[in-house]
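The primary structure of each chain is shown beneath.
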Amino acid sequence: MKIYHVKGTRSVRVIWLCEELGLPYEVETIDFSPAFRSTAAWRAKSPTGKVPVMEDDGFVMFESGAMVQYVLDRYGNAGLRPEPGTPSSARFLQWCWFAEATFARPLGDIIHHTVFKPEAERIPAVVVDARGRALTCLDAVNETVTTNSYLLGDDFSAADIMMGYTLMLAKRVGVLADDHAPANAYYERLQVRAGFRIAMDA
Ligand SMILES: N[C@@H](CCC(=O)N[C@@H](CS)C(=O)NCC(=O)O)C(=O)O
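Residues numbered from 1 in each chain as written. Predicted model: local features only at pLDDT ≥ 70, side-chain atom pairs only at ≥ 80, totals over all residues. Heavy atoms only, no water.

S.K.: Help me understand the nonpolar core, please; the structure alone is not making it clear to me.
M.R.: Where a protein is soluble and globular, its nonpolar side chains tend to be buried together. Ranked by internal contacts, the top residues of the largest apolar core, which has 56 residues, are Met54, Phe103, Met163 and Tyr186. Where this core is concerned, the elements lending two or more residues are α1 (11-21), α4 (64-75), α5 (87-116), α6 (124-147), α7 (158-172), α8 (181-191) and α9 (194-201). In terms of residues, this core owes the most to one element, α7, which gives ten residues. When residues of this core are assigned to domains, at least three map to each of domain 1 (2-75) and domain 2 (87-193). Core analysis: the next-biggest nonpolar cluster, separate from the first, contains six residues, Tyr4, Val6, Val51 and Val53 among them. (Core = buried A, V, L, I, M, F, W, Y, C linked by side-chain atoms within 4.5 Å. Buried < 20%, exposed > 50% of the residue type's maximum accessible area, 1.4 Å probe, protein only. Helix = DSSP H or I, 4+ residues; strand = E, 2+ residues; numbered from the N terminus. Domains from an automatic or database assignment.)

Below you can see the structure in the form of structure tokens.
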């Protein structure tokens, strides 16, 4: 597997998963500039110019959550996810999707309207609204990890890898703060994992 990577971006999820599963992988660090990401060569791999991209076995794919799912299906050997078709698997899928499709979305809005966009195009009201939506998502995670060590209970799963990256974003933009003690403690449990640290340093 070849992972096209930029430090601190969603490719962290795929590297972290490979580390947790002990799988071999290759990292190619790419230029995150808009100029590079709009080249025809990069758009051929990632039609919207985003990161990450993964290549394996002669095909190319985008979307970090889909990569996580694929790696688990193909190489995971039943580790880090419940058996498909079971209630625990439903719960697992729920949190994987929630991490990216629901929680990361308002965080992305905050980042776009505070960092990425030129100042003249930033809309403060979007940031206020997105912060509210992100806090509602954080509350849901906070409640779950008040009684559970991890999203699915006592055992770490790839859903925690999906959420770990999202919580890193939440921390970065100040949504995850000290007032959510269980979520902070959960994020601490994730951060001390060797796979997380290796992926964040990559
Ligand atoms: N849902 C996508 C999101 C990809 C994404 O937004 N990647 C960020 C880096 S973590 C990016 O490329 N941002 C640049 C942009 O949005 O133009 C995934 O999980 O792969």
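There is more to say after this.
S.K.: What is the right way to read the pairing of strand β3 (residues 53-56) from this model?
M.R.: Regular strands show a simple pattern: their side chains alternate between the two faces of the sheet. In the sheet, strand β1 (residues 2-5) pairs with β3 via three bridges, with the strands oriented antiparallel. Each bridged residue has a counterpart across the sheet, and for Lys2 the counterpart in β3 is Glu55. In this structure, β3 lies alongside strand β4 (residues 59-62), joined through four bridges in antiparallel fashion. Within β4, the residue paired with Met54 across the bridge is Met61. Linking β3 back to β4 in an antiparallel pair, the connection comprises two residues, with Asp57 at a positive phi of about 55°. (Pairing = 2+ DSSP bridges.)

S.K.: Explain the pattern of salt bridges to me, please; I cannot follow it from the model alone.
M.R.: Side chains bearing opposite charge may pair, as long as their charged atoms lie close to each other. Under the definition given, this model contains nine salt bridges. In this structure, a network of salt bridges that share partners links the residues Arg10, Arg13 and Glu100. (Salt bridge = Lys/Arg side-chain N within 4 Å of Asp/Glu carboxyl O.)

S.K.: What's the story with the packing of aromatic side chains in this structure? I'm lost.
M.R.: The relative placement of two aromatic rings is captured by the distance of their centres and the angle of their planes. Tallied over the full model, the rule gives eleven aromatic pairs. Measuring from centroid to centroid gives 6.3 Å for Tyr70 and Tyr75, while their planes differ by 90°, and the two rings are edge-to-face. Residue Tyr75 is classed as partly exposed on the basis of its relative accessible area of 29%. Ring geometry for Phe98 against Phe103: centres 6.2 Å apart, planes inclined by 55°, an arrangement best described as tilted. (Phe/Tyr/Trp six-rings, centres within 6.5 Å; stacked < 30°, edge-to-face > 60°.)

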